[in-house]
Amino acid sequence: MSLTTIVSLSLEDFRNSMTAQETDSRKRARTSAPIAECFYPDLLSAKNSQILAKEHAESKPYLYCKIDKLIDEQLLRDVREEILTKLHFTVKETDIYKVCQTGDLANLDGLPAHELAQLSSLFRLRNAIYSEEFRQFISDVTGCGPLSSSKTDLSTNIYRSGSHLLNHDDVIGSRRVSYILYLTDPDEPWVPEDGGALELYPVLEKGTPAVSPSVSIPPKWNQMVFFTVQPGHSFHSVEEVIVDKPILSVSGWFHIPQEGEVGYQAEKQIGEAPSSLQQLQESADALNPFKLYKEELEPEALDGLLEEDITELSKWLNVKYLNINILRQVSEKFVEESSIQLVDFLNEEFAKELLEATLKADEQDGLTLSKIPKHGTGERGQWKAVGPAHKHRFLAIDDTLPEDEEQSTKFLGQLQRSLFPSLAFRRWLAVVTQLVTKGYRGYARRMRPGLDYTLATADSCRSILDATLCLATSPNPKAVDLWESDEVGGYECYMAQDSDEDPAVYKSAAPDEDGALLTISAGCNVLSLVLRDEEVMKFTKYISSLAPGSRWDVAFEYELSPEE
């Protein structure tokens, strides 16, 4: 799980002031207890290693191992107590995760003796996990080859209500084996319905995960799960937690041998497929090209609408957005700010029928109940789940499937097929934005609470005009306020790419952080127009299970002429 970490103890402040006596104390603490005593009885035995190796070899959807009792019971209870009372947790949120984190525990060596004494059990656990004995055990079970003796990579996390980690493959740098050790409340077993499960995804083809996981592993006290990190193959996620009790865990990676270590290879090739992070940084234009308009737009189209345009658009649009005086005011603001949100965009009659249909579908699927839905919820008729999950997941209308009586399909299908690609709407966009569009791509989406999102991707090497009509389920004022708070996700976020960013850190673009250029909260019957410059990324934040319903929208992108 690719997480940046912050530690509450000031490690650097002490490094320069350490004495030789303190250094000797740390060495004695590291070697005072036999490693085997840190683990559950007979865990490291040859017999147990062989049993686990067999289970590992037969596991699906890819090779992983689950150990139900890893650490000595008392030691792990002491570790849990130290973490909860001695370490400070900071909430971190990006497009891919929301979690409470502490610091990189590899830096525990830098603490003076009196500080280290407060974390003696945690220090002992870290040394046991990265000991020669346990590294050999992991190597024997997974068959992954030698593991680094010098590079440690371990931190602690708390998943509270709303915390989650979306699909990715963990491939960064020299990581070889990923692991997570659960420290849930030992006296109150975790209930799977409360979320937090580790989800493993099958691969449709190299580099492309399925839209839904095939294995779900609920957290359990003293349970460790680990797997070999493979580019484009080891896809996994952590299900959202929806209760107010925390899931505490220790997680990290074992690395391939570093220079000077046994097994080191100058040319490190972990796999051939690009990692999930690399794929997010690639342009999607080749896979999702724009559909070009058949005719050029005449220059006078920037000045106003034709009568036939007004007649056509009035089927859907609020009449005020067909008034040339209002459109000129809207245009002035857009030209000045490069973005604008238009409320009550659809006319009252059409909007009423559409919103009744979407609310009915959410109620039918149980998506207004603040609980984690099953994968596949809402997939019926022409609504089909769209992936790949390491880039996005939502329901979209598939016109190749048989038609049905689903009203949400009927109304959103009209917007997808008849409004947004139309010549009349192209002319309307030209009046509002003073931009000439060449082509378009997009679809109607249903982003379900507890399941759906889009991740920040490098979508294009040119400027794009985004037109997104948001129809978030909002049956009452409380639901409207909840969407506007951004606490349940569903907001769209625009952020600048940074080529100098450490690749081990997923971009942080929470609405209250400097990484966000623009954040647009989920609304109901609101059209957002945004001129997105090249190298600007965007994403739609994961919709929490605690949201009042789905974020329904029609999301189109329009290609601009180079001179625009």
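All chains use their own residue numbering, which begins from 1 and follows the written sequence. Totals for whole chains, interfaces and linings use all residues, but because this is a predicted model, local features are given only for residues with pLDDT of at least 70 and pairs of side-chain atoms are given and counted only at 80 or more. Note that water and hydrogens are dropped before the side-chain values are worked out from all heavy atoms of the structure.

Draft legend 1. The overall build of the chain, seen in detail. Helix and strand definitions follow DSSP, with helices as H or I runs of at least four residues and strands as E runs of at least two, each counted in order from the N terminus. From N to C terminus, the chain includes 14 helices and 25 strands. For the chain, the proportion of its 564 residues judged to be buried stands at 55%. Surface accessibility follows the Shrake-Rupley procedure with a 1.4 Å probe radius. Residue values consider only the protein chains on display as shielding. When the accessible surface of the chain is split by element, carbon and sulfur atoms take 48% of a total near 24,400 Å². Buried residues are those whose accessible area, probed at 1.4 Å on protein chains only, stays under 20% of the maximum for their type, while exposed residues exceed 50% and partly exposed ones sit between those limits.

Draft legend 2. How the structure looks around the sheet that holds strand E21 (residues 492–496). The pairing criterion is simple: DSSP has to find at least two bridges between the two strands. Strand order in this open sheet of three strands is E22-E21-E24, and the pairing throughout is antiparallel. Of all strands in the sheet, those bounded by a partner on one side alone are strand E22 (516–520) and strand E24 (536–540). On average, each strand axis in the sheet is tilted by 15 degrees relative to the strand beside it, whichever way the strands run. Examined bridge by bridge, E21 and E24 share five bridges and lie antiparallel to one another. Looking at E24, one finds that cysteine 493 is bridged to phenylalanine 539. The convention used is that axes are lines fitted to C-alpha atoms, helices contributing only their stretch in contact, and that angles between N-to-C directions extend from 0 to 180 degrees.

Draft legend 3. Seen up close, helix H6 (residues 120–129). Summarising burial for H6: eight of the 10 residues are buried, a large majority. Of the positions making up H6, those classed as buried are Ser121, Leu122, Phe123, Leu125, Arg126, Asn127, Ala128 and Ile129.

Draft legend 4. Up close: the pairing of strand E4 (residues 154–159). The element E4 is largely enclosed, with a buried count of six among its six residues. Sheet topology note: the strand E3 (residues 97–101)/E4 ladder contains two bridges and is antiparallel. What sits directly across from glutamine 101, in E4, is asparagine 157. With six bridges joining them, E4 and strand E13 (residues 247–255) adopt antiparallel strand pairing. Looking at E13, one finds that leucine 154 is bridged to glycine 252.

Draft legend 5. How the structure looks around a negative patch on the surface. Residues Asp344, Glu348, Glu349 and Glu353 make up a contiguous surface patch of negative charge. For glutamate 348, the position within the fold is in helix H11 (residues 348–364). Residues forming no salt bridge and having over 30% relative accessible area are the ones grouped into patches, like charges within 9 Å of each other and nonpolar side chains (Val, Leu, Ile, Met, Phe, Trp, Tyr) within 5 Å. We count a salt bridge whenever a side-chain nitrogen from Lys or Arg sits within 4 Å of a carboxyl oxygen from Asp or Glu. For this count, His and the chain ends are skipped, Lys and Arg are scored as positive, and Asp and Glu as negative. A single reference atom marks each charge: NZ on Lys, CZ on Arg, CG on Asp, CD on Glu.

Draft legend 6. A look at the nonpolar core. Counting 48 residues, the largest nonpolar core has Phe345, Leu346, Leu412, Leu415, Phe420, Trp428 and Tyr558 as its most contacted members. Any two residues having at least one pair of non-hydrogen atoms within 4.5 Å are treated as being in contact. Dropping the residues within four chain positions of it, tryptophan 428 is found in contact with Leu305, Leu313, Leu317, Tyr321, Leu322, Leu327, Leu342, Phe345, Leu527 and Leu529. Residues Phe89, Val177, Tyr179 and Leu181 belong to the second largest nonpolar core, which totals 45 residues. As used here, the term nonpolar core means buried Ala, Val, Leu, Ile, Met, Phe, Trp, Tyr and Cys residues forming a set that is joined through side-chain atoms within 4.5 Å.

Draft legend 7. Structural context of unusual backbone geometry. The omega torsion across lysine 60 and proline 61 is 5 degrees, close enough to zero to call that bond cis. Its location among the elements puts proline 61 in the loop between helix H3 (46–57) and strand E1 (64–67). Here the bond from glycine 387 into proline 388 is cis, since omega is 5 degrees, no more than 30 degrees from zero. Locating proline 388 in the fold gives a position in the loop between strand E16 (383–386) and strand E17 (392–397).

Draft legend 8. How the structure looks around helix H12 (residues 407–419). A rise of 1.5 Å per residue sets the reference length of H12, with its 13 residues, at 18 Å; its end C-alpha atoms lie 17 Å apart and thus fit the reference within 8%. Restricting attention to buried positions, one finds in H12 the residues Ser408, Thr409, Phe411, Leu412, Gly413, Leu415, Gln416 and Leu419. Expected helix span is given by 1.5 Å per residue-to-residue step, counting one fewer step than there are residues.

Draft legend 9. The pattern of salt bridges, seen in detail. The tally for this structure, following the rule as stated, stands at 27 salt bridges. The salt bridge involving glutamate 93 is made with lysine 541; its shortest N-O contact spans 3.6 Å. With glutamate 93 in strand E2 (residues 90–93) and lysine 541 in the loop between E24 and strand E25 (551–560), this residue pair connects regions lying 448 residues apart in the sequence. The two residues glutamate 93 and lysine 541 agree in class, both being buried. In this structure, aspartate 399 and arginine 417 form a salt bridge, with 3.1 Å as the shortest nitrogen-oxygen distance. Of this pair, aspartate 399 sits in the loop between E17 and H12 while arginine 417 sits in helix H12, and the two are 18 residues apart along the sequence.

Draft legend 10. Main features of the environment of glycine 173. By the element assignment, glycine 173 lies in the loop between strand E5 (164–168) and strand E6 (175–182). Through-space distance from the C-alpha of glycine 173 to that of isoleucine 256 is 9.5 Å; in sequence the pair is 83 residues apart.

Draft legend 11. Structural detail: the packing of helix H10 (residues 324–337) against helix H13 (residues 423–433). Where H10 meets H13, the axes come as close as 7 Å, and the angle between the chain directions of the two elements is 60 degrees. Between H10 and H13, the angle is such that the two are oblique. For the pair H10 and H13, contact is made by Ile324, Leu327, Val330, Ser331, Phe334 and Val335 and by Trp428, Val431, Val432 and Thr433, respectively. In terms of residue class, the contact of H10 with H13 is built from eight nonpolar, two polar and no charged. Here roughly perpendicular refers to angles of 65 to 115 degrees, roughly parallel to angles under 35, roughly antiparallel to angles over 145, and oblique to all remaining angles. Under this grouping Gly is polar, as are all residues other than the nonpolar Ala, Val, Leu, Ile, Met, Phe, Trp, Tyr, Cys and Pro and the charged Asp, Glu, Lys and Arg.

Draft legend 12. Looking closely at the packing of aromatic side chains. Here a pair means two rings of Phe, Tyr or Trp (six-membered ring of Trp) with centres within 6.5 Å. Their orientation is stacked below 30 degrees between planes, edge-to-face above 60, and tilted elsewhere. Evaluation of the coordinates by the stated rule reveals 19 aromatic pairs. Look at phenylalanine 134 and phenylalanine 254: their rings are 6.3 Å apart centre to centre, the planes differ by 50 degrees, and that puts the pair in the tilted class. Taken together, the positions of phenylalanine 134 in helix H7 (residues 132–142) and phenylalanine 254 in strand E13 put the pair 120 residues apart, joining distant regions of the chain. For phenylalanine 254, a relative accessible area of 0% corresponds to the buried category. Criterion for a charge above a ring: Lys NZ or Arg CZ within 6 Å of the ring centre, and within 35 degrees of the ring normal. Stacked on the ring of tryptophan 253, the Lys or Arg arginine 175 has its end atom at 3.5 Å from the ring centre. Of note, arginine 441 hangs over the ring of phenylalanine 290, and the distance from its end group to the ring centre comes to 4.0 Å.

Draft legend 13. Fine view of the side chain of glutamate 557. Here glutamate 557 is to be found in strand E25. The buried category is assigned to glutamate 557, whose relative accessible area is 10%. Each polar contact in these results corresponds to two N or O atoms within 3.5 Å; when the atoms are within protein, one needs to be able to donate a hydrogen and the other to accept it, and residues that are neighboring in sequence are counted only if both atoms are side-chain atoms. Within the local environment of glutamate 557, its side chain forms a polar contact with the side chain of arginine 441, the two groups lying 2.6 Å apart. Within the local environment of glutamate 557, its side chain forms a polar contact with the side chain of arginine 532, the two groups lying 2.9 Å apart.

Draft legend 14. The packing of helix H4 (residues 73–86) against H6, seen in detail. Where H4 meets H6, the axes come as close as 8 Å, and the angle between the chain directions of the two elements is 120 degrees. It follows from the interaxial angle that H4 and H6 lie oblique. The two elements H4 and H6 cross, and the hand of that crossing is left-handed. Along the contact surface, H4 presents Leu75, Asp78, Val79, Glu82 and Ile83, while H6 presents Ser120, Ser121, Leu122, Arg124 and Leu125. In the contact of H4 with H6, the residues fall into five nonpolar, two polar and three charged. Each crossing gets its hand from how the near helix is turned against the far one by less than a right angle, where anticlockwise is left-handed and clockwise is right-handed.

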